[in-house]
Amino acid sequence: MQHPQARVVFGAGSAARLGEELDLLSAPAETRALVLTTPGRSVALSTIADALGHRVAGICACAELHVPVERVREVIIDVDRLSPNVLVALGGGSAVGLAKAVALECRLPIAAVPTTYAGSEMTGIWGITEGEQKRTGRDPGVAPRLVVYDPLLTLTLPADVSAASGMNAIAHAVEAMYAADAGPIATSAADKAIRLLASALPRIVARPDDLEARTMALQGAHAAGVALNMASMGLHHKICHVLGGTFGLPHAPTHAAVLPHVVAFNAPAAPLAMDRIANALGANDASEGLAALNRTLGLNFTLADLGLRAEDVNRSAVLIVSSSYTNPRPVTQDDARALLMRAL
Ligand code: NAD
């Protein structure tokens, strides 16, 4: 279990105070911020640039899904050239992930302004992709020191991306519920996350500019990130890691497609956790509740829809059982193959 030492600021309009918050973090030195984000985020970037003013040392809109090592090297060159004393990650898991990978090498503090529900801002979990291989690890030193949640910055997140990102957050909470090493804070955070996201996401899909629902979803994402940081992830995350890393399936939609199947598989081995998950979803059964939420959110696709071919199932099953991880129910290669076939 790891506790990041983060200052967390919530509220509509809170991004406007980012400059002052960063000054507290950098004091007594003057803030020199290198802002990292994904391409195309010009409106959010101008909000952040206005909030930072003279504190901006540079901007790099080069973050990509799964943190390719080439992008990390690019930013390290910028760090050498611009000498920032803080990295500001603006965006989703890709921007935060790039900042963590750079911090792993440069040991700069990170301030995160999350604009999706991935939850990476609350964890010390990092990942870097080189070729087909994604290396991951945990290092509390790369966990953001300041996190500013401003729901106004999430209003532009498209409904379908919001729904899939929200199911990604629910997946963190679900696996924390049955993790052997999860303590009461992790399971309480997981419970809260599922409740908030399950009620906010359908409202967001119906009306993406519903600020109250956006606020609830961001609170849920925060709670799911706390749970993720404090508990080991199991079979679900291993499957998504293999399908995304080796077969290129899209990150968040894959979480949505796999989760009800993993929960059905794990159910006999974790009955108390399943009751809590079902209760938080307002359903009679955890797996059915998650499948129903997927349908409400328009996420009822199969792994085949997301690009997995039947001939890839065997190799996926081999990779899924190739390394050890904790899971409430032991998983054989046959189990993994059967689960993937049900989700295909
Ligand atoms: P992402 O960061 O790639 O964002 C998805 C897309 O949405 C991008 O094109 C981005 O530019 C855009 N976007 C983001 N916010 C927006 C907004 N408010 N309005 C409009 N567009 C917006 O994807 P993600 O799902 O947030 O993160 C996925 C990545 O995060 C994966 O690489 C995953 O492995 C990683 N992740 C890491 C952790 C961790 O703890 N380390 C946790 C969860 C996810």
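Since this is a predicted model, take the numbers as computed values, not measurements.

1. Notes on the overall build of the chain
- The secondary structure content of the chain amounts to 13 helices and eight strands.
- In terms of overall size, the chain behaves like a compact globule, its C-alpha atoms giving a radius of gyration of 19 Å where 344 residues would be expected to give roughly 20 Å.
- With respect to the three principal axes, the spread of C-alpha positions in the chain is 55 × 40 × 35 Å.
- The 344 residues of the chain split such that 56% are buried.
- Taking all contacts inside the chain whose residues are at least 6 apart in sequence as the whole, residues at least 24 apart take part in 76%.
- In the chain, 27 side chains carry a positive charge and 31 a negative one; their mean positions are 2 Å apart.

2. Description of helix α3 (residues 69–82)
- When the terminal C-alpha atoms of α3 are compared, their 20 Å separation across 14 residues agrees well with the 20 Å that a helix rising 1.5 Å per residue should span.
- Two residues or fewer past α3, serine 83 is found with a positive phi of approximately 45 degrees.

3. Structural notes on the sheet that holds strand β8 (residues 146–149)
- Read across the sheet, six strands follow the order β1-β8-β5-β4-β2-β3 without closing on themselves; strand pairing throughout is parallel. Each having just a single partner strand, β1 (7–10) and β3 (56–60) make up the two edges of the open sheet. With direction set aside, neighbouring strand axes in the sheet form an average angle of 15 degrees.
- For strand β2 (residues 33–36) and strand β4 (residues 86–91), the ladder comprises four bridges, and the chain directions are parallel. When the bridges of β4 are listed, alanine 33 appears paired with valine 86.
- On the sheet, helix α4 (residues 93–106) packs against β2, β4 and β5 (110–114) and is oriented at approximately 160 degrees with respect to β4.
- This element, helix α7 (residues 211–230), spans β1, β5 and β8 of the sheet and lies at about 165 degrees to β1.

4. Overview of the domain arrangement of the chain
- What the domain assignment reports for the chain is domain 1 (7–154) and domain 2 (174–343).
- Computed from C-alpha atoms alone, the centre-to-centre distance between domain 1 and domain 2 is 26 Å.
- If you look at the interface, domain 1 gives 22 residues, while domain 2 gives 21 residues.
- In total, domain 1 and domain 2 occlude about 1800 Å² of area from one another, counting both sides; carbon and sulfur atoms represent 65% of this.
- On the surface where domain 1 and domain 2 come into contact, there are zero salt bridges.
- Put simply, the parts of the chain that give the side of domain 1 that touches domain 2 at least two residues each are β1 and β7 (133–138).
- With three residues, β7 is the largest single contributor of residues to the side of domain 1 that touches domain 2.
- Considered class by class, the residues forming the side of domain 1 that touches domain 2 number 11 nonpolar, seven polar and four charged.

5. Focus on the site of the ligand
- Around the ligand sit 22 residues, and of these Thr38, Ser94, Thr115, Thr116 and Thr123 come closest.
- Within the side chain of threonine 115, one N or O atom sits 2.7 Å away from a nitrogen atom of the ligand.
- Interatomic distance of 2.8 Å between a side-chain N/O atom of threonine 156 and a nitrogen atom of the ligand.
- Protein contact buries 82% of the 870 Å² of open area that the ligand shows by itself.
- Take the shell around the ligand: its biggest share by element is three residues, from α4.

6. Concerning the nonpolar core
- Membership of the largest hydrophobic core comes to 78 residues, with the highest contact counts inside it found for Tyr117, Met167, Ile170, Val174, Ile239, Leu243 and Leu303.
- One finds Cys60, Ala63, Val69 and Ala95 within the second-largest nonpolar core, a separate group that totals 27 residues.

7. Digging into the packing of helix α12 (residues 313–320) against helix α13 (residues 333–343)
- Remark: α12 packs on α13, axes separated minimally by 8 Å, with the N-to-C direction vectors making an angle of 130 degrees. The angle between α12 and α13 falls in the class oblique. Seen along the crossing, α12 lies across α13 with a hand that is right-handed. Between α12 and α13, the residues in contact are Val313, Asn314, Ser316, Ala317, Val318 and Ile320 and Gln333, Ala336, Arg337, Leu340 and Met341, respectively.
- In terms of residue class, the contact of α12 with α13 is built from seven nonpolar, three polar and one charged.

8. Regarding the pairing of β8
- Neither face of β8 is left uncovered, since the one carrying Leu146 and Val148 and the one carrying Val147 and Tyr149 both have all their residues buried.
- Both β1 and β8 contribute to a ladder of four bridges, which runs parallel. Within β8, the position partnered with arginine 7 by the bridge is leucine 146.
- Pairing of β5 with β8, which is carried by two bridges, proceeds in the parallel orientation. Among the inter-strand pairings, alanine 111 is bridged to a residue of β8, identified as leucine 146.

Reading guide: rules and limits
- Numbering of residues begins from 1 in every chain and follows the order in which that chain's sequence is written.
- Reporting of local features is limited, given that this is a predicted model, to residues whose pLDDT is at least 70; pairs of side-chain atoms are given and counted only at 80 or more, and all residues count toward the totals for whole chains, interfaces and linings.
- As a rule here, side-chain values come from all non-hydrogen atoms in the structure, and water together with hydrogens is ignored.
- In DSSP terms, a helix is any run of H or I states spanning at least four residues, a strand is any run of E spanning at least two, and both are numbered starting from the N terminus.
- Our radius of gyration looks at C-alpha atoms and nothing else; its globule reference is 2.2 Å times the residue count to the power 0.38.
- Under the scheme applied here, a residue whose accessible area is under 20% of the maximum for its type counts as buried, over 50% as exposed, and between as partly exposed, the area being computed with a 1.4 Å probe on protein chains only.
- Note on contacts: a residue pair qualifies if any of its non-hydrogen atoms lie within 4.5 Å across the two residues.
- By the counting rule applied here, Lys and Arg register as positive and Asp and Glu as negative, while His and the ends of each chain are not counted.
- For charged residues, the charge sits on one atom: NZ in Lys, CZ in Arg, CG in Asp, CD in Glu.
- Any helix carries an expected span of 1.5 Å times its number of residues minus one.
- DSSP calls a pair of strands paired once it identifies at least 2 bridges connecting them.
- Note on method: axes are straight lines fitted to C-alpha atoms, helices fitted across the in-contact stretch only, with angles between N-to-C directions ranging 0 to 180 degrees.
- Where each domain begins and ends follows an automated or database-derived domain assignment.
- Accessible area that two parts lose when put together, with a 1.4 Å probe and added across both, is what the buried area reports.
- What counts as a salt bridge is simple: a side-chain nitrogen of Lys or Arg found within 4 Å of a carboxyl oxygen of Asp or Glu.
- In the scheme used here, Gly and all other residues not listed as nonpolar or charged are polar, with Ala, Val, Leu, Ile, Met, Phe, Trp, Tyr, Cys and Pro taken as nonpolar and Asp, Glu, Lys and Arg as charged.
- Any residue with a heavy atom lying within 4 Å of a molecule or strand is counted as near it.
- Pairs of N or O atoms within 3.5 Å make up the polar contacts considered here, provided that, within protein, one atom can donate a hydrogen while the other can accept it, and that residues adjacent in sequence are counted only when both atoms are side-chain atoms.
- Methods summary: accessible areas were calculated by the Shrake-Rupley approach with a probe of 1.4 Å, and residue burial reflects only the protein chains presented.
- Here, the term nonpolar core denotes a set of buried Ala, Val, Leu, Ile, Met, Phe, Trp, Tyr and Cys residues that are joined through side-chain atoms within 4.5 Å.
- Just so you know how the angles are binned, under 35 degrees is roughly parallel, over 145 roughly antiparallel, 65 to 115 roughly perpendicular, and the rest oblique.
- Left-handed describes a crossing whose near helix is turned anticlockwise from the far helix through less than a right angle; right-handed describes the clockwise counterpart.

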